[in-house]
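Residues per chain are reported as follows:
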Amino acid sequence: GIFAAQAALDIDRVLVLGVQPQLADGAMSLGDGIAVVTLPQWDGRASASIHRSRLEDTARAGISNFGGDVTLADSSLACTTLELNGENQLAIEYQFEDGGGNQCGCAGAFHSCGVKSSMISAPKALAAIVVPIKPIPDVLFPNKKKGPPK
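Given the structure is predicted, the values throughout are model-derived calculations rather than measurements. (Residues numbered from 1 in each chain as written. Predicted model: local features only at pLDDT ≥ 70, side-chain atom pairs only at ≥ 80, totals over all residues. Heavy atoms only, no water.)

## Some points on the state of the cysteines
Put simply, the test is: When two cysteine sulfur atoms are found within 2.5 Å, that pair is recorded as a disulfide. Helix and strand assignments come from DSSP, with helices taken as H or I runs of at least 4 residues and strands as E runs of at least 2, each series counted from the N terminus. Three labels apply to residues, based on accessible area from a 1.4 Å probe with only protein chains included: buried if under 20% of the type maximum, exposed if over 50%, partly exposed otherwise in between.
One pass over the full model with this rule turns up two disulfides. In this model Cys79 forms its disulfide with Cys106; the gap between the sulfur atoms is 1.9 Å. On the sign convention where negative means left-handed, the S-S torsion of about 90 degrees between Cys79 and Cys106 marks this disulfide as right-handed. On the criterion of sequence distance, the pair formed by Cys79 in the loop between strand E11 (76–78) and strand E12 (82–87) and Cys106 in strand E14 (residues 103–106) is long-range, its members being 27 residues apart. Judged by its relative accessible area of 30%, Cys79 is partly exposed. The residue that forms a disulfide with Cys104 is Cys113, at a sulfur-sulfur distance of 2.0 Å.

## Description of the sheet that holds strand E8 (residues 54–58)
To keep things clear, this is the line we draw: By the convention used here, strands pair only if DSSP detects at least 2 bridges between them. To obtain an axis, a line is fitted to C-alpha atoms, over the contacting stretch when the element is a helix, and the angle between two such axes runs from 0 to 180 degrees between their N-to-C directions.
Judged by pairing direction, the sheet is mixed, and its five strands sit side by side in the order E3-E8-E11-E14-E15 without closing on themselves. Unpaired on one side and paired on the other, strand E3 (15–19) and strand E15 (109–111) mark the two borders of the sheet. For this sheet, the mean inter-axis angle between neighbouring strands, taken without regard to orientation, is 15 degrees. Two strands pair when backbone bridges link them, and E11 and E14 are joined in this way by three bridges, in the parallel orientation. Bridge pairing in E14 links Leu77 to Cys104.

## Structural notes on the environment of Gly114
Condition: Note on contacts: a residue pair qualifies if any of its non-hydrogen atoms lie within 4.5 Å across the two residues.
Residue position: Gly114 is located in the loop between E15 and strand E16 (115–116). The partly exposed category is assigned to Gly114, whose relative accessible area is 30%. Separated by 32 residues in sequence, Gly114 and Leu82 place their C-alpha atoms 9.3 Å apart. Beyond its immediate stretch of four places on either side in the chain, Gly114 contacts Glu83 and Leu84.

## Some words on the pairing of strand E1 (residues 2–5)
Across the two faces of E1 the burial differs, with Ile2 and Ala4 buried and Phe3 and Ala5 not buried at all. Judged from the four bridges that link them, E1 and strand E6 (residues 34–37) form a sheet pairing that is parallel. Bridge assignment links Ile2 to a residue of E6, and that residue is Ile34.

## Section: the side chain of Asp32
We count it as follows: Pairs of N or O atoms within 3.5 Å make up the polar contacts considered here, provided that, within protein, one atom can donate a hydrogen while the other can accept it, and that residues adjacent in sequence are counted only when both atoms are side-chain atoms.
Within the fold, Asp32 resides in the loop between strand E5 (27–29) and E6. A relative accessible area of 7% means that Asp32 is categorised as buried. Here Arg60 takes part through its side chain, which lies 2.7 Å from a polar atom of the side chain of Asp32. Within polar-contact distance, the side chain of Asp32 engages the side chain of Ser64 at 2.8 Å. When sequence neighbours within four positions are dropped, the list of residues in contact with Asp32 reads Gly1, Val19, Arg60, Ala61, Gly62, Ser64 and Pro123.

Scope: geometric values only; no functional claims are made or implied.
What follows is the structure, given as structure tokens:
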């Protein structure tokens, strides 16, 4: 998955697929497609702007937001245990903004995405792993509106 602590992400046309839990502090946890975490001891807030992306088959949350600002538009969350999960970080409240065009569900049964607070803990920073990200083809978005023919 993608983890951002006290960062501003701009994600466009990214596929996050098959995120599994990791062993952290002796307990199985995590498994979030995208985790946005505001660190209360630092100034500012973490944020993510997610557009035209697909998160599929995540063990915990499609998107978890811990005291940050997340905007989601024209994206799909498929077969995630939790779709959108928000948790406050001490006195810092999480924010989700629906930019429209989103769908959540599994096995072809899709619906509007909903935010829940499941009282999960924020992931801890793991060793940095840099993986090149390539834009995903439009074929993965069957409901995408096509523009005029060229």
